[in-house]
Number of protein chains: 2
Amino acid sequence: MQKTTREQNLRLIPLGGLGEVGRNMTLLEWQEKILIIDMGFRFPEEDMPGIDFIIPNISYLKGKEKNVLGLIVTHGHYDHIGAIPYLINRINDSLPIFTSRLTRGIILKRQEDFSHQRRLNIEEVKDGSLINIGPFKIEFFHLNHNIPDNLGLFITTPVGNIVHTSDFKFDETPVYDVPTDFRRLRNLASRRVHLLMSDSTGAENEGHSFSEKTISENLNEIFKKSQGRIIAATFASLINRIQQLISLSEAYGRKVFIEGYSMKTNVEISRALGFIKAKKGTLVQSKEISRHPDSKITIICTGAQGEGQASLMRIINKEHPFIRFKKGDTVVFSSSVIPGNERTVQILKDEILRQKATVYHYKMMDIHAGGHAQSEELKEMIEIMKPDFFMPIHGQYSMLAAHAEIAKSAGLEEKNIVVVENGSIVNLGKKKIGIEEKPVPSYYVMVDGLGIGDVGEIVLRDRQTLAKDGMFVIIAVVDRQTGKIKGSPDIISRGFIYLRESQELLKQTRRKVIEIVSGAVGSGGIVNWAYIKDEIRNKVGQFLYAKTQRRPMILPVVIEV
Amino acid sequence: MQKTTREQNLRLIPLGGLGEVGRNMTLLEWQEKILIIDMGFRFPEEDMPGIDFIIPNISYLKGKEKNVLGLIVTHGHYDHIGAIPYLINRINDSLPIFTSRLTRGIILKRQEDFSHQRRLNIEEVKDGSLINIGPFKIEFFHLNHNIPDNLGLFITTPVGNIVHTSDFKFDETPVYDVPTDFRRLRNLASRRVHLLMSDSTGAENEGHSFSEKTISENLNEIFKKSQGRIIAATFASLINRIQQLISLSEAYGRKVFIEGYSMKTNVEISRALGFIKAKKGTLVQSKEISRHPDSKITIICTGAQGEGQASLMRIINKEHPFIRFKKGDTVVFSSSVIPGNERTVQILKDEILRQKATVYHYKMMDIHAGGHAQSEELKEMIEIMKPDFFMPIHGQYSMLAAHAEIAKSAGLEEKNIVVVENGSIVNLGKKKIGIEEKPVPSYYVMVDGLGIGDVGEIVLRDRQTLAKDGMFVIIAVVDRQTGKIKGSPDIISRGFIYLRESQELLKQTRRKVIEIVSGAVGSGGIVNWAYIKDEIRNKVGQFLYAKTQRRPMILPVVIEV
């Protein structure tokens, strides 16, 4: 691939956390004018204790705030909307935002938690809407995903047309959604696609994703068999799945209890906007549960990933005010397990079984479909769009690499495919595509409580060290006159060993500290406390390691009085 | 199930860590005489920072050490042998141990790291061996697993015969191992099986496990295609897989480089004992790698789980002395991903792809087979053995529950199946089986460095708290005469916020501490320092939470001078 510069090129910059290329945010820039696609966050890794989530690094926009013309949001999942309350006011809190009705509803609902912020300026668009933002003309088109009102983008730019697929899958028999309109996709394609940016999440999975219809049929089997209560755990964002469960419940004369704050909120918004339909009397308050026979009860709840505070966990831990598991209950996990949560979900499942309920999960039966196109669909998308250039987005590097292979198998030449990382600057010209040598800053920004970006590598490393072997504070009070330690050094330790059972070790450590101080001071002259602290840190560290093979963080404090 | 007592009953007690019932250890007790099956450990969960591994709780054996007659070890995996160096000398360091040749070799090799311990007393047994230990007569029989020399147990006891399957799968076309001998299994069964204890690991997986032959054929395809070096990462304990890779390398004229300490050790032992066969000149030292053309090189290494210090990671991080990835390399992940490691393995895979090698993993192609029987095989085992009673072992609760369902489908009555937890006492009589009301202690014992069991709930909880939001030590030096703080309180904080950028917060905190102390002391009378410390802890905690929404561990120190 050639090295390129910005003149006469459109710049494309994917941003976001942890290798999920462009999932959270993408910039399009033409002659200083910038358009943003999506503004999401992602959840932290295990080695980032205490971190709430990771938001895109927008250092590149510093000083360019005035050039940002607008934000397009493809759909209402948190990895595409979650960073809005953290980033929008750093750019321009009245920035025009364009998105679909449901996505708008979800974004505005979330803003209620950030009530000190200015009301967002969101314009509603839908399948077929056409808007102009500076040098860009954007036409929105419907694509299936596992949340309704998902929009792909057909962007006319000075260098050619770009198709951005959002997250998508092809579904000819979706449930409570419009089937994929292949004719419309071909129509768009007929206007010539210069660059296709397509969702890579499912690129490593062979074949075609399940249709939601299959899921509905399997869920129906479970409803048919179940005599007792049905407790269905899924993601609060799987609006279509929730609709399926509500409709099935209605078909079997069951009342529906929605449990969990985010589930309740999403159902509320989706109902208000017409994306969830329930007959009058179907949805019931959970305190009324005792009035209904078990065979007439469906509970839809959050917590399928084993989240500590979610309803499912509260039921299991017997902390839920109205609901306990019992024999006869059927628990349905209608969601996949997010990588990293496998162990927690296993423990959850074990505990439900111990409490005598029957469990169905997606490994036993197809009761969950992912929201992402798999290899066959991805190839079909490329074949429909016939782009000049191809850029896989939305996925870890291995998924992008697999998607690039699919593009090759669909006939694209390797030189016309760009596989990039977050922060890369892709230069798209009329005749060619290339990557600038120097990327923009893309080191992830961590949010912890009220702090945005203030937890950096040092704080994180300290947390990891503290987690591993705890800490050990040694406080020595030294007489300024004599240079001798007064009394016995204080020791505070947490997470290292159980101190009450380690008196001998503490005694030896204190003796060691006294030795170090008096040895260093005894030689006369000016006392170098920094040196003495280093000595304590090193020698006590070695001593404790020899005794325990652990390396607590050692913090010496010397107080002169 | 009925409540039972110990008279005239054989007691069976599964032990071990974290819900993997009986995987690590099982006790058999008849009239005070105790036989132990296996003595393994397991790796800790994510919420146990700093812990090396978890060993079985043997409190039940305290005071009964003299009654322990022997230890039987079924096979050489660490979850069955790993706790020996930690537990054997707490029971009896000359306890007779019975196991197969390869398992013995692996155990003895490991003991070299515990050279201060007395040499273990291990007697070698094999398929067909018959031994008497007190009231128990044990006949060993071969069963396939993914390590050679795995032995099932046919135990004659005063109440009837027990079959213990060890970990197993049926394989009629294994590679470098004997096929499953169904006639022998039927012969054993014909002597009447009172209780079957069978491996549940694969009970939730439908159908039949792959044969190692399939794996070999698929690996052969990769060898056929590859022009450059082949780098195969797998578990060091998968001796058969290593053999397959060596044999394929020989067939394609490739030299084999074994990388990684545990891999080297296992290959060495297995070769010495005849379980790995390699022609003279096949295995080569890694420093000789530059002397061979890429097409004639196979590297077999550890690190397929993304372990930080394993060879694969060192190659990726460019820390390996001789090996770097390059275009043309083929990397084969010939192992499954252990739950909890998915994210790390993803990062690993991404990085290898960035370094331009080609990657094959078990999701793309059947290049790994688990070592455990799946539902069809498990049903067949039950149908062959036709036991009076059935006890699923070796698995999380959900696997045991699934295995129990399989047993029912094989015709066993529910009342004859016992699904228990670690620490449960199962009483097996001539006519019935039951569980004692009171279990034995089974809370897991954590090993951290040299400490065995000294990290308990408190230390672990402190580590979790420290990991989440760090710590905050406040040191106030108080004048004994005036009760006033001398100078400004010292603050040491780690893992909370980056102090250099938080001077204002520290200043406010110091002021707060001075206020609290002078407020409490000013009222006259005896100064209650414990109360003042509590006040500092609470008020500073609230203050910091309000400012940051984080809750560091707050440790106040008051020094009177």
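Criteria and cut-off values
Residues numbered from 1 in each chain as written. Chains lettered and ligands numbered in written order. Predicted model: local features only at pLDDT ≥ 70, side-chain atom pairs only at ≥ 80, totals over all residues. Heavy atoms only, no water. Helix = DSSP H or I, 4+ residues; strand = E, 2+ residues; numbered from the N terminus. Buried < 20%, exposed > 50% of the residue type's maximum accessible area, 1.4 Å probe, protein only. Areas by Shrake-Rupley, 256 points an atom, 1.4 Å probe, with all protein chains shown as cover. Lys, Arg positive; Asp, Glu negative; His and termini not counted. Charge placed at Lys NZ, Arg CZ, Asp CG, Glu CD. Salt bridge = Lys/Arg side-chain N within 4 Å of Asp/Glu carboxyl O. Axes fitted to C-alpha atoms, helices over the stretch in contact; angles between N-to-C directions. Parallel < 35°, antiparallel > 145°, perpendicular 65-115°, else oblique. Left-handed = near helix turned anticlockwise from the far one by under 90°. Contact = heavy atoms within 4.5 Å. Nonpolar A, V, L, I, M, F, W, Y, C, P; charged D, E, K, R; others polar. Pairing = 2+ DSSP bridges. Buried area = accessible area lost by both parts, 1.4 Å probe. Expected span 1.5 Å × (residues − 1). Polar contact = N/O pair within 3.5 Å; in protein donor to acceptor, adjacent residues only side chain to side chain. Phe/Tyr/Trp six-rings, centres within 6.5 Å; stacked < 30°, edge-to-face > 60°. Lys NZ or Arg CZ within 6 Å of the ring centre and 35° of its normal. Least-squares fit on C-alpha atoms with pLDDT ≥ 70 in both. pLDDT = per-residue confidence, 0-100. Patch = residues over 30% accessible without salt bridge, like charges linked within 9 Å, V, L, I, M, F, W, Y side chains within 5 Å.

## Looking at the overall build of chain A
The number of helices and strands found in chain A is 14 helices and 26 strands. Each principal axis of the C-alpha distribution contributes one length, and for chain A these read about 90 × 70 × 45 Å. Out of the 561 residues belonging to chain A, those deemed buried represent 61%. Only carbon and sulfur atoms are counted for the fraction: they give 48% of the accessible area of chain A, which is about 23,100 Å². Side-chain charges in chain A split into 75 positive and 66 negative, and the spacing between the mean points of these groups amounts to 4 Å.

## Points about the pattern of salt bridges
Side chains carrying opposite charge are able to pair once their charged atoms draw close together. Counted according to the given criterion, the structure contains 69 salt bridges over all chains. Between Glu212 of chain A and Arg241 of chain A there is a salt bridge, with its nearest N and O atoms 3.0 Å apart. Of the two residues, Glu212 of chain A is situated in helix α5 (residues 212-225) and Arg241 of chain A in helix α6 (residues 239-251); the sequence distance between them amounts to 29 residues. Among the residues examined, Glu212 of chain A registers a relative accessible area of 3% and is labelled buried. By relative accessible area, Arg241 of chain A is classed as buried at 1%. Three or more residues joined by partner-sharing salt bridges are found here, namely Asp448, Asp454 and Arg463 of chain A together with Lys468, Asp469 and Arg550 of chain B.

## Regarding the packing of helix α10 (residues 375-385) of chain B against helix α11 (residues 397-409) of chain B
Residues and elements named next belong to chain B. Following both chains from N to C, one finds α10 and α11 inclined at 55°, their axes separated by 9 Å at the closest point. Regarding the angle of α10 to α11, the classification is oblique. In this structure, α10 meets α11 at a crossing whose hand is right-handed. Only His403, Ile406, Ala407 and Ser409 of α11 make contact with α10, whose side of the interface consists of Ser375, Leu378, Lys379 and Ile382. Of the residues assigned to the contact of α10 with α11, the class counts are four nonpolar, three polar and one charged.

## Overview of the sheet that holds strand β13 (residues 230-233) of chain B
Residue and element names in this part refer to chain B. Read from one edge to the other, the open sheet built from six strands follows the order β15-β14-β16-β13-β17-β18, with strand pairing classed as parallel. Pairing within the sheet leaves two strands with one partner each, and these edge strands are β15 (283-284) and β18 (358-360). Pairing analysis gives four bridges linking β13 to strand β17 (residues 330-333), with the strands arranged parallel. The residue bridging Ile231 from the neighbouring strand is Val331, located in β17. Sheet strands in contact with helix α9 (residues 342-354) are β17 and β18, and its direction is about 165° off that of β17.

## Remarks on unusual backbone geometry
All names here are of chain A. Phi at Arg192 is positive, roughly 75°, even though this residue is not glycine. With respect to the helices and strands, the residue Arg192 is situated in the loop between α4 (182-190) and β12 (195-199). Backbone geometry at Lys356 places phi at a positive 80°, although glycine is not the residue there. As for its placement among the helices and strands, Lys356 is situated in the loop between α9 (342-354) and β18 (358-361).

## Details of the interface of chain A and chain B
Taken residue by residue, the interface counts 60 residues in chain A and 60 residues in chain B. Both faces combined, the contact of chain A with chain B buries some 5,100 Å², and carbon together with sulfur accounts for 57% of it. Three residues, Arg343, Tyr397 and Arg550 of chain A, lead the burial of chain A against chain B; their summed loss comes to 12% of the area buried on that side. In this assembly, chain A and chain B are joined by 10 salt bridges. For Arg463 of chain A, the salt bridge is made with Asp469 of chain B, and the minimal N-O distance between the two is 4.0 Å.

## A closer look at helix α14 (residues 529-548) of chain A
Residues and elements named next belong to chain A. For α14, with 20 residues, the first-to-last C-alpha span of 28 Å sits near the 28 Å given by 1.5 Å per residue. The complete set of buried residues in α14 reads Trp529, Ile532, Glu535, Ile536, Val540, Gly541, Phe543, Leu544 and Thr548. Two to three positions downstream of the cap, the backbone nitrogen of Ala530 sits 3.2 Å from a side-chain oxygen, assigning the N-cap of α14 to Asn528. In the segment just after α14, Gln549 is the residue with positive phi, at about 55°.

## Points about the packing of aromatic side chains
Going through the model one piece at a time under the given rule, you end up with 20 aromatic pairs over all chains. Ring geometry for Phe41 of chain B versus Phe53 of chain B: centroids 4.1 Å apart, planes at 5°, classification stacked. One end of the pair, Phe41 of chain B, is in the loop between β3 (33-37) and β4 (53-55); the other, Phe53 of chain B, is in strand β4, and 12 residues separate them in sequence. When its relative accessible area of 3% is taken as the criterion, Phe41 of chain B is described as buried. With a relative accessible area of 12%, Phe53 of chain B lands in the buried category. Geometry around Phe154 of chain A places Arg191 of chain A over its ring, the cationic atom sitting 4.4 Å from the centre. Between the NZ or CZ atom of Lys64 of chain B and the centre of the ring of Tyr60 of chain B, over which it lies, the distance is 3.8 Å.

## Some thoughts on α11 of chain B
Residue and element names in this part refer to chain B. Here α11 is 13 residues long and its end C-alpha atoms lie 19 Å apart, about the 18 Å a rise of 1.5 Å per residue gives. Most of α11 sits inside the fold, with 10 of its 13 residues counted as buried. Once α11 finishes, Gly411 follows within two positions and takes phi at roughly 105°, a positive value.

## Concerning the sheet that holds strand β4 (residues 53-55) of chain A
Residue and element names in this part refer to chain A. Pairing within the open sheet is antiparallel, and its three strands lie in the order β4-β22-β23. Edge positions in the open sheet fall to β4 and β23 (451-452), since each of these has one partner strand only. Strand direction decides the pairing type here: β4 and strand β22 (residues 445-448), joined by three bridges, are antiparallel. Bridge pairing in β22 links Phe53 to Val447.

## Re the relation of the copies chain A and chain B
At an RMSD of 0.0 Å, chain A and chain B line up after a rotation of 180° and a shift of 0.0 Å along the axis. Given the turn and translation reported, the copies of this chain are related as if by a two-fold rotation axis. In terms of C-alpha distance to the rotation axis, chain A has Ala467 of chain A as its closest residue, with the C-alpha 2.3 Å off the axis. Of all interface residues in chain A, 100% are interface residues in chain B too; the two copies therefore contact each other through one and the same surface.

## What about the confidence of the model for chain A?
Counting all residues, the mean pLDDT for chain A is 92, and 98% of those residues have values of 70 or more. Complex prediction metrics read pTM 0.88 and ipTM 0.84.

## Looking at a negative patch on the surface
A cluster of acidic side chains, namely Glu46 and Asp47 of chain A together with Glu46 and Asp47 of chain B, defines a negative patch on the protein surface. Of note, Glu46 of chain A is situated in the loop between β3 (33-37) and β4.

## Section: the pairing of strand β9 (residues 136-142) of chain A
Residues and elements named next belong to chain A. Burial analysis of β9 places six of its seven residues in the buried class, which makes it a mostly covered element. For strand β8 (residues 130-133) and β9, the ladder comprises four bridges, and the chain directions are antiparallel. Bridge assignment links Asn132 to a residue of β9, and that residue is Lys137. Counted between consecutive antiparallel strands, the loop separating β8 from β9 contains two residues, among which Gly134 sits at a positive phi close to 50°. Relative to strand β10 (residues 151-157), β9 runs antiparallel, the two being bridged by six bridges. Each residue of the ladder has a partner; that of Phe140, found in β10, is Leu153.

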